[in-house]
Each structure stands twice: as C-alpha cells, then as structure tokens.
Amino acid sequence: MSGAVVAPAPLTGPQKRPWRVRTREARFATMLLIPSVVVVFGIVLYPILRTLYTSFFDVESALPGDFPFVGLENYGKIIGDGAVWSAVGRTAYFTFFSTALEIGLGIGLAVLLNAPLRLRWLFRAIVVLPWALPTIVNAQMWRFILNSEYGALNALLTQLHIIDTYQSWLGSPFLALNMVALADVWKNTPLVAFFLLAGLQTIPSDLHEAAVVDGASVWQRFWRITMPLLKSSILVVLVLRTIEAFKVFDIIYVMTRGGPANGTQSIAYFTYVRAFSDQNFGYGSALSYLIVIVILVLAVFYIRALRSTTANEI
Amino acid sequence: MAAARRDGMAMRPDHNHNLTMSRRGFLTAAMGVGAGAALAACGSGSGGSGAKVTIRALHQQQAGYSASDIQGMTAAFMKANPNIKVENTLVAYDALHDKIVAAAPAGTYDVVLMDCIWPAEFAKKHIVADISAKVKGLSGLDGIFPGAIETAQYQGKYYGMPWLLDTKYLFYNTEMLQKAGIKPDQLATWDGVKAAAQTLKAKNIVQYPITGSWQQAEAVICDYAALVGAFGGRFLDDAGKPAFTSGGGVQALQFMVDLVKSGLANPAARTSVEDDVVKTFSQGNAAMALNWTFMYGLANDPKQSKIAGKVGMAHTPAGPGGKAPGVNGASALAITSGSQHQDAAWEYVKYLTSKAVQDKFATSSLPIWKASYDDPAVQKAGTPAVVAVAKTQLQDMILRPQVANYNSASQQLQVSIQKALLGQETPQAALAEAANAFTASS
C-alpha cells in the first residue's frame, strides 16, 4: 500500500530525492492512512465478512456462544420459505411502482424547474423540502395524513366530495402498500428532479434554438433532444433509486410495521424481524446476503445498460 | 470474570498501590477509603463499597411512569447512594425488545425493563441474569400481587423484579351511554357491550361505538388475550400445546370479527395501537374501548381531550362463563447478564420497586404491593376511581404464553388475527395457522 502512495513522487531529473527521505515520507503516508484503513475495515469490511460467516451457522442468540455449523442450510431454508418470496414480491412491486413514479414525476419537475420562470430559485427551494426531511419524520407525517380518524387526506377528500365516508388508507394490505409507496415517492421525487435538472443544464441551449428555427414543436424537441440527452442521467438516478427502494425499511417501520396482515412487509423489514425480534441471526444474515445478491445483479445490469448508452452517444 | 471486576474486588489493587505512595498521597487515599467505609456502614448496601460506579438503565417511554417520574426517582436514588451514578435511556415499547437484544453483546445496559412476555426468551438466551437469590432475600415478597410476581419468573427462577403492574380496563364515554339510556352495569358482560354498541349505533350517537388496538403489533394480542380469558379459552394447555384453536380462543376472535363486520367496531382499529385508541376515544369518536390505565389520565385531560370528565372505567367484561380476566401487562426490571455492576444494579432495582417509591409515584402507575391499595394517600394519588377498580381487577389476570420463541409466535398470531379481521380467512383457519408457529420451534 505504501508503495502505491510513493509512486506519484517525481522520478525524473536532478530533484530525485535520497531513499531515506522517500521511506520517511512513505512511513508518514502510511501513518496518515491508518485511521481510514481502520475505519474501512472496522465498520465496512468486518461486518460484511462477519455477516457472511454468521450466515453459515445456526446463531440464535446475540451473545457469543457455541453455535452449530450448518453450511448452506440457512440459504436452503430461504429458498423454501414462502414468506420470503412473498416479501420479495411485495418489495419488487414497491420498487417498480415507486421508482417509475419518481422518475416520471422527476422528469416533469426538472423540466419545469429548468424553464426560465421568475422566482425560479424559490420554486427550487420549495421542491427540495420533502427530500430534506428525515425519512422517519416523513413517514410519521404520512401516518398522520393517512390516519382514518383525523387524517388530513380524509378531511380533504370528503370536503371536495370525492369520497363519502372516511377511508382506512392503511387498513387493507394492498392499499397500504401503495400508500407507503406514495409516501416514498413524495420524499424522493425531489432528489430525482434535482439529478435530472443537473442533466438538463448540460444540454446546450443552441440545440433547442436550432430546432426552433427548423420548426420543431415543443413535444418534438422534448422527445428528440431533451430525452435522448437526458438518458444517461435518468439511468444513473434509476440505479440509485431502484437499489434504495429495494432496501426500503424505515418508512415501513414507522408507517405500518409491516402490517396489515404482513401486507407491507418488505424483504429488508422481514430480515430485521427474523434477525432481531426472533433472534435468528444466522437466518437473518443469510437473508441480508440474498438482498446483497439481488442488488448486485441489478447494479451489474444497470451498469451494462449505462455503458451501452454512453458508447452510443460517442 | 464478571465477579472479579465487581466493585469490591476492584478496590484492592488500588489500595496496595497506595501503600507505596508518598505519605501525603497515602493519607489522602486512606481518608477516601475511610469515607467510603463510613458510607457503606451508613447502610447504602453493597453498592457503596467506595468506588463510584456508573450503571445504565433502559426504560420505556410512556409506560405508566413518565420520563420525568423516572428521572425524579433516579435522582433521589443517586442522592441516597452517592457511589452509584445512573444513566437512563428511554425508548418506545416497539423498540424496547430489539434494543435489549442488540445491546446485549456489548453489555451497554445494566438494568433493562422486561415485558412479561420476554422472561422465557431472555432467560433461555442468557440475556438477563438469574437474580433469584437477590429477590428471595427481600422481605415481604408475599405482599406483591401474584400476577406481578409471576411475570418476572420463568421455570421457578426470578429473572427480574416486578415494577410496572398494569392491565387493560374497559373505558366508556359516560355522556354517550347516558344519551342512549344505557346503564354502565350493562357493560359487565361482552354481550352487554355488544348490545350497548348496537343501541349507540342505532341511535346514531356515534358511528363506530367500539374501538381497539388491533394493529399488527403486540397490542392486538393484548386485546385478544382479554377476550380469550373471558370466553374461557387458554393459549396453551398443560402440556404446552396451543389450545387457542378451539373453544374460547376461536370464539374470542369470532367476536372481534363480528364487531368489525357489523360496523360496531371501528375499521380503523385494525391500524391502531394504544395511543391511537386514546386519540379516537378522546375525540369522542368511540363510546367504548379496552386500554391500559394511562388512558384515564389522558382522556380526562381537557388540554388534549374533548371528553374530559366523561370518562368511565370498568372491569373487563365477562364472557359467557362469567370469567373476566384482564390481560396481564406487567413489566419487571431485569439485570443483564453482561452487567459488570450486578450489585449496584440490584440496589437501583430494589429502590425503584420499593413500596415507598411506588407509593410516592402512584399517580402515574399503581404499585405492585397489595398493601398500597388500602393506603388513603395512595388512593388519592392514584385517583380513587382507578384504585377501586384496579384493586380487584389486578387479582385476576390472564398471562400471555411464556414460550421462548414468543416473539415470532406472537407475530404469526398477529398476522392471523389481522387476516380474520380483514375477512381473508375464517377465525378457525387463521388460528390454526398461528398454532403452527407455537409448535414449530418452542
């Protein structure tokens, strides 16, 4: 490692320094690196490896002890566990639904925020607010809004005469899943919008001007100029959001705790319950590796897609 | 290993070291030791052996005692025991179990609040220490309600000292009942409650007369348990096998399902925990609900309730067999097995659970000591209406099953109850599914 640090030192000309100085520098550099090595190993690598190790044992206590080695049994159990696959199914639905809406709305918002409006800075500041809220606060807020007794949504919809009686928005499994996804959309759309806004601002305005001269309509310009040039930004944000959505936990923890009747139990929440409430740490570790594998597959798939689009542009 | 690090032993090396120090240093140290010994002699117990120790306690937010109550008792304890410093952490009930488990390997906490459904699990997994010797050494142990003492035990051993004694009562809105011409006596049975709800609904006094905490959480098991007891059912038979799949267990769930189907119970009960019940009831959107003692104070507080002064509180209603047990919701203070200061922790536990301290804070939570309920000062502090009903209700409580895999079994039961309440499955089929969880890995 220290060799790599020394490498950029100038190797040519009369300035080449004696090796004593160089080793002293190398030692100094190593010392500087130690804290980050400790941090990376201690809080990133060690838990990752430890979890992998745990997943091969039947660990059913948080305290140290002798736990039987079970090989791949935990992984086998996962494959045979129907509850895992229904949790994966719900998570996939949540991921698809929330990410699709976030990207759709995000594009619209980004185009609006990029338009030469007056007070554009103010709109941008307002739009970023939902994203600035911690997820826990956002989830608690939506829990209040959707409350069937005193929630704002029921009050609004009855006053607009859209519904007659108060609805229990989180009361039935599928509706609750959609509502949780909407709360996630509300929070994360601004992030998507800002990513895409940055992408929009890299599109040279003369392309649009030239298209206007050629008589292209607004829609034509959007589909022929904006969208193709925004594609790589969209892909980046798609990768980020899909991976984040697949790991969804906190919003569910606050809003529904996986209920009703497990209707909103995502795979991450399921894993948490197995590991901590049931104290089945071996099984929980294996489950978290399942999540990692799914995310890795997604990431590889997306990176491929990204690479091919950038290649096309060049 | 833990024993070697206890306060008394830790003093010794310091003491030897002092012998080789300068004269002044030696004198100072000797005075310190002398002062420590004097304090110990004053009766501050084994915690006062001279060395100052810090213990950490994990409490529950909003469980009888308020945060300021707990802070108050802790401050008084530290004043009486200057050698023990206590640092408190408070978390919500829903996070308490997982926090205890997650903190166990690090030994973060010395004292933890243990709900009555956890002793089996925590004992089996060695998360909390067996403190039978300490508890049995207390005088007047038989002066504690049996319902409280059994929640700290598992297989005859004590894994904690009971502290919070609570059960669910039936709360009702006196004004609504009066309007409908219903006498509170009618609420002594579940049939009477159902009939009252029908009258209230028919007279359009309230849209959904009954509510409950039936969210997918431990809360729904508590309401269900009270009904199981009333309908003469049991969770487990004598052999430890699930017994709620027939008889009272099924009737209890059928009763809940019927309440929802007929519109007598609020459909929102399925997404409510106890706090939500308080809000619904305090807003005047429910006439009757089961809830813990704390609702009495909140629903009578004009600042946050529209129905202050109109709150009635009664025993849990009886079922067809005449039984009316409340759900046992007691919690105990336990000492973690990883604690380095077992003796100091016990001093703290002993202090908080003592009759004197519990009597002093009776307004927030009623004592575990039977004698307290005849003390006029406690009756006044605990609100006479509450103490009167508590005194007899606390004699008869149903305990949720004490199995080591309680948490996962309970989750399955929660899901099953919800499926039945949503009409996805019949109570019979749903409960049979949950029974598997109790047998699978007990």
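Residues numbered from 1 in each chain as written. Chains lettered and ligands numbered in written order. Predicted model: local features only at pLDDT ≥ 70, side-chain atom pairs only at ≥ 80, totals over all residues. Heavy atoms only, no water.

Caption draft 1: Looking closely at the overall build of chain A. Looking only at helices and strands, chain A has 13 helices and zero strands in total. Expected size for 314 residues packed as a compact globule is a radius of gyration near 20 Å; at 26 Å, chain A overshoots this value by more than 25%. With the principal axes as the frame, chain A shows a C-alpha extent of 85 × 70 × 35 Å. For chain A, the residues scored as buried account for 42% of the 314 residues in total. Long-range pairs, those at least 24 residues apart, make up 65% of the contacts in chain A between residues at least 6 apart in sequence. Surface summary for chain A: the accessible area is close to 17600 Å², and the carbon and sulfur share equals 70%. Of the side chains in chain A, 23 bear a positive and 17 a negative charge, and the two mean positions are spaced by 13 Å. (Helix = DSSP H or I, 4+ residues; strand = E, 2+ residues; numbered from the N terminus. Rg over C-alpha atoms; globule rule 2.2 N^0.38 Å. Buried < 20%, exposed > 50% of the residue type's maximum accessible area, 1.4 Å probe, protein only. Contact = heavy atoms within 4.5 Å. Areas by Shrake-Rupley, 256 points an atom, 1.4 Å probe, with all protein chains shown as cover. Lys, Arg positive; Asp, Glu negative; His and termini not counted. Charge placed at Lys NZ, Arg CZ, Asp CG, Glu CD.)

Caption draft 2: Fine view of the sheet that holds strand β10 (residues 311–314) of chain B. Residue and element names in this part refer to chain B. What the four strands build is an open sheet, ordered β8-β9-β7-β10; its pairing is mixed. Strand pairing shows two members of the sheet lacking a second neighbour, β8 (210–211) and β10, which therefore form its edges. When strand β7 (residues 169–173) meets β10, the two strands line up antiparallel, connected through four bridges. Paired with Tyr172 across the strands is Gly312, a residue of β10. (Pairing = 2+ DSSP bridges.)

Caption draft 3: Spatial organisation of the state of the cysteines. Residue and element names in this part refer to chain B. In total, this model carries zero disulfides over all chains according to the counting rule given. Its sulfur unpaired, Cys116 is 7.5 Å from the next cysteine sulfur, which belongs to Cys222. In this structure Cys116 comes out as buried when scored by relative accessible area, which is 1%. (Disulfide = S-S within 2.5 Å.)

Caption draft 4: Molecular detail of the side chain of Arg400(B). Relative to the elements of secondary structure, Arg400(B) occurs in the loop between β13 (397–398) and α18 (406–421). In this structure the side chain of Arg400(B) is engaged in a polar contact, spanning 2.9 Å, whose partner is the side chain of Glu218(B). (Polar contact = N/O pair within 3.5 Å; in protein donor to acceptor, adjacent residues only side chain to side chain.)

Caption draft 5: Summary view of the packing of helix α10 (residues 218–230) of chain B against α18(B). Residues and elements named next belong to chain B. Relative to each other, α10 and α18 sit at 75°, their axes nearing to 9 Å. One finds that α10 runs roughly perpendicular with respect to α18. Contacts between α10 and α18 pair Glu218, Val220, Ile221 and Tyr224 from the former with Tyr406, Ser410, Leu413, Gln414 and Ile417 from the latter. Split into classes, the residues belonging to the contact of α10 with α18 amount to six nonpolar, two polar and one charged. (Axes fitted to C-alpha atoms, helices over the stretch in contact; angles between N-to-C directions. Parallel < 35°, antiparallel > 145°, perpendicular 65-115°, else oblique. Nonpolar A, V, L, I, M, F, W, Y, C, P; charged D, E, K, R; others polar.)

Caption draft 6: The arrangement of the environment of Gly240(B) in detail. Structurally, the position occupied by Gly240(B) is in the loop between α10 and α11 (248–261). Spatially, the C-alpha atom of Gly240(B) lies 8.9 Å from that of Thr439(B), the residues being 199 residues apart in sequence.

Caption draft 7: Highlighting the nonpolar core. Ranked by internal contacts, the top residues of the largest apolar core, which has 147 residues, are Tyr224(B), Met288(B) and Leu413(B). The dominant element in this core, judged by the number of residues it contributes, is α10(B), at nine residues. Excluding anything up to four places from it in sequence, Tyr224(B) contacts Phe235(B), Phe244(B), Gly249(B), Ala252(B), Leu253(B), Met256(B), Leu413(B), Ile417(B) and Leu431(B). Within the second largest apolar cluster, 24 residues are counted, among which are Leu170(A), Leu177(A), Val254(A) and Tyr269(A). (Core = buried A, V, L, I, M, F, W, Y, C linked by side-chain atoms within 4.5 Å.)

Caption draft 8: Local environment of the sheet that holds strand β6 (residues 161–164) of chain B. Residues and elements named next belong to chain B. Read across the sheet, five strands follow the order β2-β1-β3-β12-β6 without closing on themselves; strand pairing throughout is mixed. Of all strands in the sheet, those bounded by a partner on one side alone are β2 (84–91) and β6. Mean inter-strand twist for the sheet, computed between neighbouring axes without regard to direction, equals 30°. Taken together, the three bridges between β6 and strand β12 (residues 331–335) define a ladder with antiparallel strand orientation. For Leu164, the partnering residue across the bridge sits in β12 and is Ser331. Across the sheet, helix α4 (residues 93–103) touches β1 (53–60), β2 and β3 (111–115), and the angle it forms with β1 is around 135°. Lying over the sheet, helix α14 (residues 342–352) contacts β1, β2, β3, β6 and β12, oriented at roughly 45° with respect to β1.

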